[in-house]
Amino acid sequence: MAISTAAANLPGDAHYLTELEQDARREKRQLFALCTPGLLLTMLLLFLPIGWLFWFSFIDADGNPTFEHYSRIWTEGAYVQIFVITFQISILVTVICVLLGYPVAYCLSQLPAKWSGLLLIGILLPFWTSLLVRTYAWLVLLQRRGIVNDTLIDLGIVQQPLPLMHNMTGTIIGMVHIMIPFLVLPLYASMKSIDGSYLRAAANLGASPTRAFWEIYLPLSLPGLLAGLVLTFILCLGFYITPAVLGGGRVQMIAQRIEASVHLYPTWGPASALGAVLLLLTTLILLASHLLLGRWRRRLG
Amino acid sequence: MTGRPFLTTHHSYLNLQSGTTMETSGSRSTAARALPVVIRNIVKHYGAVRALDDVSLTVGQGEFVTLLGPSGSGKTTLLMTIAGFARPTAGSIVVGDTEVVRLPPHKRDIGMVFQNYALFPHMTVGENVAYPLRLRNKPKAEIAERVEQVLDLVQLAGYGSRRVDELSGGQRQRIALARAIVFEPRILLMDEPLSALDKQLRERMQIEIRRLHDRLGMTTIAVTHDQREALTMSDRVAVLHQGRLTQFDTPRRLYERPANRFVAEFIGESSFLPVSVENGTARYGDTVLSLAETPPGAAAQLLLLRPEKLLFLDGQAFSHSTTINRLRGMVTEAVFQGESVLLAVRLEGGHEIHTRLPNRQIDNAAAPEIGAPIELGLAAEDTLLVPGDR
């Protein structure tokens with residue numbers, strides 16, 4: 001039917017064109033239909049559980065709607081304290097990751113491919129190793145009579161073993177180690193894309209290597225830095241295993257509090273509310289960084 | 001830093017610019033700013049590869065010199081050694097009276113237009129142009145004034161607050177140029193400055209760059225692989241081949257008196273015939289060709305035929321003040337190309353050469369047909385020989 005009408009109209013005829021346009025639209029719809037399995041899976045595995053989570057957070061023990069789980073978070077000082085500590089640790093870990101990771105990524109991006117590939121494996125290998133294994137490895141290294149303390153005492157740098165674990169120090173050391181690839185990899189990718197001619201141009205115009213770095217290279221690497229920074233920070237916010245093991249219960253972050261709430265209360269409500277708040281905060285941060293990144297990208301063209 | 005007296009007269013191009021119309025060549029030189037460049041025995045090895053093999057050339061005050069060559073000829077390497085981005089294995093580069101070969105690039109005070117322009121994407125057009133002045137700690141008011149002047153000079157006044165990605169290719173090219181000259185560097189370098197532009201814009205910019213150079217009188221060294229670009233813009237062209245300087249001459253002499261087969265082939269269209277030289281004549285098979293000047297060197301040489309130098313004798317006697325050499329052959333191919341018909345002609349000696357029948361002659365001359373005999377003439381003064389080896 002469609003074919004016969006198309007054949008009946010001559011090229012250039014208005015009908016003929018709309019027929020073609022309809023074809024194009026139909027093809028677009030069909031192509032979009034190919035996404036359906038993926039979309040359904042996303043709905044099923046992402047939005048449904050999250051919806052559930054929110055739903056539970058508004059239900060009390062008797063199954064009645066309530067705000068008590070949320071009001072508890074704001075009124076009880078302990079919860080607020082945990083959020084504050086979580087943000088403090090996440091910010092600190094992210095800052096340390098930036099300070100350590102930026103030079104590493106810069107180094108990687110400047111080395112010839114042969115060497116940078118080798119060093120990249122040095123970053124990826126721990127990245128591919130189990131989180132739990134790495135965390136317990138730090139436990140071995142940092143304990144009272146662990147390798148680190150023994151070495152420091154043998155060298156006469158300290159007299160008494162340093163308290164390196166079951167506290168903030170251990171938590172942060174472990175988290176930095178786990179998180180640093182998340183910062184380095186996107187940063188490295190963005191640095192690789194910075195054309196060397198920008199730095200040559202800066203030098204040609206009279207910029208010393210230091211000034212060229214601060215005024216040209218750093219601004220151009222900012223999008224990658226911001227992307228890695230946000231990724232690291234958000235992963236830190238919800239981090240569970242490493243703070244739990246290396247903090248030894250003395251450092252409480254939100255994820256641990258959620259786990260505790262699940263055990264403590266007979267219903268999912270309190271834990272759900274905490275999860276919902278964490279999700280909301282994370283979303284807000286992502287949104288803010290997206291806006292910031294977008295503005296910067298537009299400037300960079 | 002010493003040796004930059006022209007920085008004190010930094011408003012000099014403003015004066016030139018105020019008389020916007022093109023002035024005679026007398027106004028051209030602001031000699032205080034134009035410094036000569038003496039390049040001596042530059043050698044650059046990359047492992048076993050000799051990228052530059054003992055290159056020496058002197059660029060005069062205010063001269064526009066183009067380094068021309070195919071890729072891998074060393075022309076870009078030579079430019080990079082002048083800019084300071086590549087360190088030569090041996091040799092010396094003197095700008096004005098300063099030996100620069102050991103100076104890092106940021107202390108050389110040499111302006112450069114990069115192939116992809118390398119305009120900083122996180123700065124506006126104005127900030128880009130102001131950057132070299134800011135690096136030199138100029139007062140704010142002076143920076144603003146000079147940025148405005150130079151933007152005006154490249155005909156982009158008022159574009160200061162634009163973002164770089166809002167500019168077209170030609171505009172970026174001008175901004176790159178503005179940024180390279182705003183701090184009045186000792187010399188100006190250009191690395192394939194027009195290669196990113198389309199053909200029409202490229203041809204317009206060639207003329208424009210040449211005009212700007214005439215106005216500023218700045219010693220300029222450009223790199224290109226485009227022979228027409230080199231001929232259009234330059235006072236002199238340095239042809240490089242396999243890391244060596246093959247010929248350094250004016251565009252006219254380069255075209256009319258190429259030093260060897262490579263230069264003759266690289267610049268313009270050319271066909272070659274093997275000839276033997278004896279008693280001031282060249283012999284190609286049975287044909288004896290008169291020469292205006294007897295070239296030195298070996299008896300075996302190559303006759304250089306430029307398509308546009310060949311005359312269509314068409315059997316008739318040719319009244320001409322000079323001797324006309326005659327070459328007989330047969331048309332093997334005729335391709336209409338708009339402004340001319342490209343003819344392939346197989347000579348009696350068996351060699352195939354190319355010639356062009358200009359469009360305006362197509363009607364007069366009998367239309368050349370494939371297989372038709374043809375007689376070509378070549379004036380004695382256009383009968384050029386080049387050494388047989390490359």
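Rules used throughout
- Residues numbered from 1 in each chain as written.
- Chains lettered and ligands numbered in written order.
- Predicted model: local features only at pLDDT ≥ 70, side-chain atom pairs only at ≥ 80, totals over all residues.
- UniProt positions renumbered as here; feature names shortened; annotations may be inferred.
- Pairing = 2+ DSSP bridges.
- Helix = DSSP H or I, 4+ residues; strand = E, 2+ residues; numbered from the N terminus.
- Axes fitted to C-alpha atoms, helices over the stretch in contact; angles between N-to-C directions.
- Contact = placed C-beta atoms within 7 Å.
- Nonpolar A, V, L, I, M, F, W, Y, C, P; charged D, E, K, R; others polar.
- Domains from an automatic or database assignment.
- Core = buried A, V, L, I, M, F, W, Y, C linked by C-beta atoms within 7 Å.
- Buried ≥ 20, exposed ≤ 12 C-beta atoms within 10 Å, placed from the backbone.

The name an unreviewed UniProt entry assigns to chain A is ABC transporter permease, from the organism Dongia soli. In its Sequence similarities (unreviewed entry) section, UniProt records this for chain A: "Belongs to the binding-protein-dependent transport system permease family. CysTW subfamily."

### With respect to the sheet that holds strand β14 (residues 300-305) of chain B
Residue and element names in this part refer to chain B. Strand order in the open sheet made by the five strands is β13-β12-β11-β14-β20, with antiparallel pairing throughout. Either end of the sheet is taken by a strand with one partner, and the two such strands are β13 (287-290) and β20 (384-387). In this sheet, neighbouring strand axes are inclined to one another by 45° on average, regardless of whether the strands run parallel or antiparallel. By the bridge criterion, four bridges tie β14 to β20 in an arrangement that is antiparallel. Residue L303 lies in a different strand from β20, and its bridge partner there is L385.

### Concerning the interface of chain A and chain B
Facing the 17 residues of chain A at the interface are 20 residues of chain B. Breaking the side of chain A that touches chain B down by element, the ones donating at least two residues are α10 (196-204), α11 (209-237) and α14 (269-300) of chain A. With six residues, α10(A) is the single largest residue contributor to the side of chain A that touches chain B. Among the residues making up the side of chain A that touches chain B, the classes are represented as nine nonpolar, five polar and three charged.

### A look at the UniProt feature "domain: ABC transmembrane type-1" (unreviewed entry) in chain A
In the numbering adopted here, UniProt assigns the feature "domain: ABC transmembrane type-1" (unreviewed entry) to residues 83-289 of chain A. As annotated, residues 83-289 of chain A has a helix share of 80% and a strand share of 0%, and its two end C-alpha atoms lie 20 Å apart.

### Brief notes about the domain arrangement of chain A
Splitting chain A by domain gives domain 1 (1-37) and domain 2 (78-300). For domain 1 of chain A and domain 2 of chain A, the distance between their C-alpha centroids amounts to 52 Å.

### Focus on the nonpolar core
A178(B), L189(B) and I221(B) are the most contacted members of the largest nonpolar core, which totals 114 residues. The biggest single contributor to this core is helix α5 (residues 169-181) of chain B, with six residues. Sequence-distant contacts of L189(B), that is, excluding residues within four places in its chain, are made with L79(B), I82(B), A83(B), I110(B), G111(B), M112(B) and I221(B). Of all hydrophobic cores here, the second largest spans 40 residues; its members include I82(A), F182(A), V184(A) and A276(A).

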